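Summary of structural features
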Amino acid sequence: MQNRMKTHPLTSQQIESLLEKTQIGSLATLNTNNTPYVTPIHFIYQNKTIYFHGLPKGQKIDNIRANPNVSMTVYQMQDLLLPENKQPCETNTKYQSVIITGTASLITDSQQKNNILTAIVQKYTPELTNNPLPDNMINGTAVIKIEILKITGKYYD
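Describing the pattern of salt bridges
What the rule picks out here adds up to 1 salt bridge. The salt bridge involving Glu16 is made with Lys48; its shortest N-O contact spans 2.7 Å. Taken together, the residues Glu16 in helix 2 (residues 12–21) and Lys48 in the loop between strand 3 (43–46) and strand 4 (49–54) connect sequence positions 32 residues apart. Of the residues examined, Glu16 reaches a relative accessible area of 24% and is grouped as partly exposed.

Some details on the sheet that holds strand 4
Taken together, the 7 strands give an open sheet; going across it, the order is 2-1-5-6-7-4-3, and neighbouring strands pair in antiparallel fashion. Since the sheet does not close on itself, it has two edges, and those belong to strand 2 (36–41) and strand 3, each with one partner. Across the sheet, the mean angle from the axis of one strand to that of its neighbour is 30°, orientation sign disregarded. In the sheet, strand 1 (residues 25–30) pairs with strand 5 (residues 69–81) via 3 bridges, with the strands oriented antiparallel. For Ser26, the partnering residue across the bridge sits in strand 5 and is Thr73. Against the sheet, helix 4 (residues 110–124) makes contact with strand 3, strand 4, strand 6 (92–107) and strand 7 (142–156), and its axis sits at roughly 110° relative to strand 3, the strand it touches most.

Looking at the environment of Glu127
Mapping Glu127 onto the fold places it in the loop between helix 4 and helix 5 (135–139). Given a relative accessible area of 62%, Glu127 falls into the exposed group. For the pair Glu127 and Ile148, spaced 21 residues apart in sequence, the C-alpha to C-alpha distance is 30 Å.

What to know about the nonpolar core
Core analysis: the biggest nonpolar cluster contains 21 residues, and Leu19, Phe43, Ile50, Phe52, Met72 and Ile146 have the highest contact counts within it. Broken down by secondary-structure element, the contributors of at least two residues to this core are helix 2, strand 3, strand 4, helix 3 (59–66), strand 5, strand 6 and strand 7. With 9 residues, the next largest nonpolar core counts Ile44, Tyr51, Ile107 and Leu117 among its residues.

With respect to a nonpolar patch on the surface
Together, Met77, Leu80 and Leu82 make up an exposed nonpolar region whose accessible area comes to about 350 Å². By the element assignment, Leu82 lies in the loop between strand 5 and strand 6.

So, the pairing of strand 6
Alignment of strand 5 against strand 6, held across 12 bridges, turns out to be antiparallel. Directly across from Leu80, in strand 6, lies its bridge partner Thr93. As paired strands, strand 6 and strand 7 are joined by 13 bridges and run antiparallel to one another. For Ile99, the partnering residue across the bridge sits in strand 7 and is Thr152.

What counts and what doesn't
- Residues numbered from 1 in each chain as written.
- Predicted model: local features only at pLDDT ≥ 70, side-chain atom pairs only at ≥ 80, totals over all residues.
- Heavy atoms only, no water.
- Salt bridge = Lys/Arg side-chain N within 4 Å of Asp/Glu carboxyl O.
- Helix = DSSP H or I, 4+ residues; strand = E, 2+ residues; numbered from the N terminus.
- Buried < 20%, exposed > 50% of the residue type's maximum accessible area, 1.4 Å probe, protein only.
- Pairing = 2+ DSSP bridges.
- Axes fitted to C-alpha atoms, helices over the stretch in contact; angles between N-to-C directions.
- Contact = heavy atoms within 4.5 Å.
- Core = buried A, V, L, I, M, F, W, Y, C linked by side-chain atoms within 4.5 Å.
- Patch = residues over 30% accessible without salt bridge, like charges linked within 9 Å, V, L, I, M, F, W, Y side chains within 5 Å.
- Areas by Shrake-Rupley, 256 points an atom, 1.4 Å probe, with all protein chains shown as cover.

Given below as structure tokens:
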């Protein structure tokens, strides 16, 4: 384990707060040739689970269907910490980050997809929350659930 992880761990509450407020995460899946494929995603965190949406076809979906093991990172850089001695190698970063390991699966139940998509709308475009989601859009959108197997967080300030 990294020294900074040992000395600067985020609490469970800090991890949850970061997951609730952060807008973008990076999702890592494996291609069929075992090379990594990383995708930026919009997501929500509910009930200790990550949910995101996207097109029903593409590399990310193909990878999840072939191998549901995923990793995701979420981070916020708050500031650069410049050293008094002006040495570039001693510059540091004030940040918080979370790394998740889990298994991804596609949600097929229309009502559950509607609930998740509505929550995504609430997070990213709350002014549109009262507009109903058309059934054809719900049915034509992939909604993916990540069951979290391991989660760690760290910070520096």
